[in-house]
There are 2 protein chains.
Amino acid sequence: MEYPSKLIEKAVNEISKLPGIGKKTAMRLALHLLKQPAEETHLLSESLQKLRDDTRYCRTCHIISDTEDCTCKTISKDQSVICVVEDTPDVMAIQNTGQYNGLFHVLGGIISPMDGIGPEDVKIDSLIQRVAESDGEIKEIILALSTTMEGDTTAFYIIKKLEPYDIKITTIARGIPIGGELEYTDELTLGRSILTRTVYEQTP
Amino acid sequence: MEYPSKLIEKAVNEISKLPGIGKKTAMRLALHLLKQPAEETHLLSESLQKLRDDTRYCRTCHIISDTEDCTCKTISKDQSVICVVEDTPDVMAIQNTGQYNGLFHVLGGIISPMDGIGPEDVKIDSLIQRVAESDGEIKEIILALSTTMEGDTTAFYIIKKLEPYDIKITTIARGIPIGGELEYTDELTLGRSILTRTVYEQTP
């Protein structure tokens, strides 16, 4: 495509490097910015720069944070349980449910030999270390990973690594989503939901 | 939603101001940038800033350009015809067809009383001025506007304004797209395509 201006060409090229954004969408976004007050673009540009340069990760739970110590050690949290997730949005999603008040551990990725991501590329060693150093204070590890081949591989690896420790390992329930119709649920999920059926009781 | 970091909250807020991008997509883009080398974000941020600060519009045809004089006056172009379009991507789309080698005139918008955009907000006066000052060199104006209420209003206004000048006014053909099926074409388009039928001949 021939661009009428080098500046717009450069901007479109950079924007379209973002995932899920092609050249046409990038062009639409660039034109949008040109029609807004310059201040808008300055704020956007500055916030991206600051995000990249100043973001830290908590050295304990590896969540994205403003400092190297996030709120994961505050007294109001249940220090006996760690929920293991792949990335920060998962933490936000679980926190938003209001059903969990324990600690988190962000792996920052998932074991995927196909993509060349091995166990040493995700924060598993650091999880084992947390458990080892807790002197039995951590009683339970909840694995909240995707039900994909990679998620299962990662879960299996973590379970193996945790074998020497006297700790309960659980996984979030797999089943039919609330509001989901039985008829349209895939066989695997339906089969699993029968195998892992729970005793009928009033949900809290 | 509760964000684990102020920096990511700010970035997500700014990114999600862009059209068609919600908070979830903004979060995904922010996390993507965090996983890429810092250089990537710097290039993106800098190109946006430069785009907004240094982009100029050609003072003749109002296309987005690096300078205030674009290539619209170069001798290789047919100086006798001006194609009127709403915005810069339309110019690029027409240029990509390779079927047009004349001049352009970018209105920079379209008359839309509903959105409070009147004739004085788009570059119509400047088009009339180009025609008036051309001393008859410009022989034809092609209107390449959308077939919406706003597009038709704008076309009608331009035609009225051009009445005093001895100039041919044409509009791009409306009809069934190449590859389109007759059966699924809307009645309005089909009706129009019969009324404005063309003599059968070998297309160039």
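Residues numbered from 1 in each chain as written. Chains lettered and ligands numbered in written order. Predicted model: local features only at pLDDT ≥ 70, side-chain atom pairs only at ≥ 80, totals over all residues.

## Notes on the overall build of chain A
The criterion, for reference: Labels follow the DSSP assignment, with helices taken as runs of H or I lasting at least four residues and strands as runs of E lasting at least two, numbered in each case from the N terminus. Two things to know: the radius of gyration comes from C-alpha atoms, and the globule rule equals 2.2 Å times the number of residues to the power 0.38. Each residue gets a C-beta atom placed from its backbone, and two residues are in contact if those atoms lie within 7 Å.
On a plain count of helices and strands, chain A comes out with 7 helices and 6 strands. Listed by position from the N terminus, the elements making up chain A come as α-α-α-β-β-β-α-β-α-β-α-β-α. Here the C-alpha radius of gyration of chain A, 22 Å, is well above what a compact globule of 204 residues would show, namely 17 Å. Principal-axis analysis of the C-alpha atoms places the extent of chain A at approximately 65 × 45 × 35 Å. In chain A, the share of contacts with a sequence separation of at least 24, taken over all contacts with a separation of at least 6, comes to 45%.

## Digging into the interface of chain A and chain B
Inclusion rule: Only Asp, Glu, Lys and Arg are considered charged in this grouping, and only Ala, Val, Leu, Ile, Met, Phe, Trp, Tyr, Cys and Pro are considered nonpolar; every other residue, Gly among them, is considered polar.
Chain A puts 50 residues into the contact, and the matching count from chain B is 50 residues. When contributions to the side of chain A that touches chain B are tallied by element, the ones reaching two or more residues are helix 1 (6-15), helix 2 (23-35), helix 3 (38-54), strand 2 (64-65) and helix 4 (88-97) of chain A. Residue contributions to the side of chain A that touches chain B peak at 15 residues, all from helix 3 of chain A. Residue classes in the side of chain A that touches chain B are distributed as 25 nonpolar, 12 polar and 13 charged.

## Points about unusual backbone geometry
Residue and element names in this part refer to chain B. The line we're drawing: Partly exposed residues are those falling between the two cut-offs: more than 12 but fewer than 20 other C-beta atoms within 10 Å of their own, whereas 20 or more means buried and 12 or fewer means exposed, with C-beta atoms placed from the backbone.
Residue H62 is not a glycine yet carries a positive backbone phi of 65 degrees. By the secondary structure assignment, H62 is in the loop between strand 1 (56-57) and strand 2 (64-65). The buried category is assigned to H62, around which 21 C-beta atoms lie within 10 Å.

## A word on the confidence of the model for chain A
All names here are of chain A. Applied cut-off: A score between 0 and 100, pLDDT records how confident the predictor is in each residue.
Per-residue confidence for chain A averages 89 on the pLDDT scale, and 98% of its residues sit at or above 70. Per-element confidence in chain A ranges from a low mean pLDDT of 83 for helix 7 (residues 187-195) to a high of 94 for helix 3. With pTM at 0.78, the complex prediction returns an ipTM value of 0.79.

## Focus on the sheet that holds strand 3 (residues 78-85) of chain A
Residue and element names in this part refer to chain A. Applicable threshold: Strands pair, by our definition, only if DSSP identifies at least two bridges between them. In this analysis, axes come from line fits to C-alpha atoms, helices being fitted only over the stretch in contact, and the angle between any two N-to-C directions falls in the range 0 to 180 degrees.
Pairing is parallel across the open sheet formed by 4 strands, whose spatial order is 4-3-5-6. In this open sheet, the two edge strands, each paired with only one partner strand, are strand 4 (102-106) and strand 6 (168-171). Ignoring strand direction, the axes of neighbouring strands in this sheet form an average angle of 25 degrees. Bridge analysis of strand 3 against strand 5 (residues 140-143) gives 4 bridges, and the strand direction is parallel. Bridged to C83 within strand 5 is I142.

## A closer look at the domain arrangement of chain A
The line we're drawing: These domain boundaries are the output of an automatic or database domain assignment.
Taken domain by domain, chain A consists of domain 1 (6-54) and domain 2 (64-172). The C-alpha centroid of domain 2 of chain A is placed 34 Å from the C-alpha centroid of domain 1 of chain A.

## Quick word on the nonpolar core
What counts is decided by this rule: Any nonpolar core is a set of buried residues, restricted to Ala, Val, Leu, Ile, Met, Phe, Trp, Tyr and Cys, that join up through C-beta atoms within 7 Å.
Judged by nonpolar contacts, the single largest core of 86 residues is most densely connected at V84(A), F104(A), V84(B) and F104(B). Not counting chain neighbours up to four residues away, the residues in contact with V84(B) comprise H105(B), L107(B), L127(B), I141(B), I142(B), L143(B), A144(B) and I158(B).

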